[in-house]
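Examining the three-dimensional arrangement
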Amino acid sequence: MSTDFKQLVQPGLHQLLPYEPGKPIDELKRELGIDDIIKLASNENPLGPSRLATQAIAAAGADLARYPDGSGYRLKHKLAERLGVAAGQITLGNGSNDVLELLARTLLGPGVNAVVSDHAFVVYQLAVTAQQAELRSAPARDWGHDLDAMAALVDDDTRLVFIANPNNPTGTWLSRAEIEAFMARMPASVTVVLDEAYEEYVDKPDYGSGLDLLPRYPNLVITRTFSKAYGLAALRIGFGVSHPDLADYLNRLRQPFNANSLALAAAEAVLDDAAYLQESITVNAAGMVQMENGFKRLGLEYIPSAGNFVAVAIPGRAAEINRRLLAEGVIVRPVAGYGMPDHLRVSIGLESENRRFLETLERLLANGGDS
Ligand SMILES: *Cc1c(COP(=O)(O)O)cnc(C)c1O
């Protein structure tokens, strides 16, 4: 007897490929048998976690035998206060990834479509495809989202638009004015998801969060995460801010305990660690300058980035250089799967990590060709 799962699984899954994460340090350790590895591949916070977060986790450990607070009451109320919204507008997720998926599951199905940009965060595409909805991807402009091109793909059957601001893996950002103008032209039946995973890092005069557009646009959702500047990627905690009616539907669909106790405690604690957040931002800004100067010195073009990562062009050699960086214990992110076969995405690390990456890169570029 044999079971043919190909005939049995949801049709949306046939075109779905698994998300490819950055290579874990332990995996490369096993493969190379070396210890001295740096990972600049997943836009993680190179400082490690906030001490307030690790202390909160230790304290929360006493209650591991209990289910978490399924409503996330304390974190939601703290966030609501910080952001100037009602707690009923907040949806907590197992990472903001969870919230993005909940939005797709809430609003998409066969017969409707969602609009994204080329080179956008790949999770949107996965969430749309899994729902058997049609994915419409607009060509990018200078690697960034072209909101006119995206608006042109919207029709009566469009239920979702995903905008990453800044975008990953390109680091490109949209101005507050562009976001506002886009919202003004969207029909009420189109929910716009503004993914602000890197919002804390952005230091561009024309940038602004879309949060304060929420009262005017019930069809706007903002997503944020504790995985990046707040340094809690391992815990999987993020959130969405939306109209309370939409939050209510998301709440019906989510798993009852999608945000676990340790994540809730750590997220609450790190919100009080203003010094940690500031240091994360400062270290990133300095590291970005270091990285950009390194690329200029090497004559490499890069896409100016507002996040904690930068995509650098190594025309014709990105895959080869990536392979050889790995062999040297340096993990960065190939982005061919994002339609960027000539780029590598590098997360900003500590000064010493950035230096090791740049020195290794310089050496590999100098002795050309595959070895
Ligand atoms: C990293 C990232 C996220 C956040 O992922 P989590 O699930 O919260 O860890 C969301 N959107 C973008 C664009 C990202 O790069």
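How each quantity is defined
- Residues numbered from 1 in each chain as written.
- Predicted model: local features only at pLDDT ≥ 70, side-chain atom pairs only at ≥ 80, totals over all residues.
- Heavy atoms only, no water.
- Core = buried A, V, L, I, M, F, W, Y, C linked by side-chain atoms within 4.5 Å.
- Buried < 20%, exposed > 50% of the residue type's maximum accessible area, 1.4 Å probe, protein only.
- Helix = DSSP H or I, 4+ residues; strand = E, 2+ residues; numbered from the N terminus.
- Contact = heavy atoms within 4.5 Å.
- Near = heavy atom within 4 Å.
- Polar contact = N/O pair within 3.5 Å; in protein donor to acceptor, adjacent residues only side chain to side chain.
- Areas by Shrake-Rupley, 256 points an atom, 1.4 Å probe, with all protein chains shown as cover.
- 1 Å grid on protein atoms, 1.4 Å probe; cavity = no way out; pocket = protein on both sides within 12 Å on 5 of 7 lines; lining within 4 Å.
- Sits in = over half its atoms within 2 Å of the grid points.
- Nonpolar A, V, L, I, M, F, W, Y, C, P; charged D, E, K, R; others polar.
- Pairing = 2+ DSSP bridges.
- Axes fitted to C-alpha atoms, helices over the stretch in contact; angles between N-to-C directions.

With that settled, consider the nonpolar core. Of all hydrophobic cores here, the largest spans 52 residues; its most connected members are Leu75, Val161, Ile163, Val192, Leu220 and Phe226. In terms of residue count, the dominant contributor to this core is helix H10 (residues 261-270) (five residues). If sequence neighbours within four positions are ignored, phenylalanine 226 has contacts with Leu75, Leu79, Gly231, Leu232, Ala233, Ile237, Gly238, Phe239, Ala267, Val270 and Leu271. Leu100, Leu103, Ala164 and Met340 belong to the second-largest nonpolar core, a separate cluster that totals 29 residues.

A separate point is the site of the ligand. Neighbouring the ligand are the residues Gly95, Ser96, Asn97, Phe121, Asn168, Asp195, Ala197, Tyr198, Thr225, Ser227, Lys228 and Arg236. In this structure, asparagine 168 approaches the ligand through a side-chain N or O atom, which is 2.7 Å from an oxygen atom. Here an oxygen atom of the ligand sits 2.6 Å away from a polar atom, N or O, in the side chain of arginine 236. Within the complex, 93% of the 390 Å² of free accessible area of the ligand lies under protein. Most atoms of the ligand, that is more than half of them, are within 2 Å of grid points of the second largest pocket. Taken together, the residues of the shell around the ligand sort by class into three nonpolar, six polar and three charged.

Quick look at the sheet that holds strand E8 (residues 238-241) now. Reading across the sheet, the seven strands line up as E2-E8-E7-E6-E5-E3-E4 and stay open at both edges, with mixed pairing between neighbours. Edge positions in the sheet fall to strand E2 (90-93) and strand E4 (134-138), since each has one partner strand and no second. Within the sheet, the average angular offset between the axes of one strand and its neighbour, ignoring direction, is 20 degrees. Across five bridges, the pairing between strand E5 (residues 158-164) and strand E6 (residues 191-195) is parallel. Looking at E6, one finds that isoleucine 163 is bridged to leucine 194. Along the sheet face, helix H4 (residues 73-83) touches E2, strand E7 (220-225) and E8 and points at about 125 degrees away from the line of E2.

Scope: geometric values only; no functional claims are made or implied.
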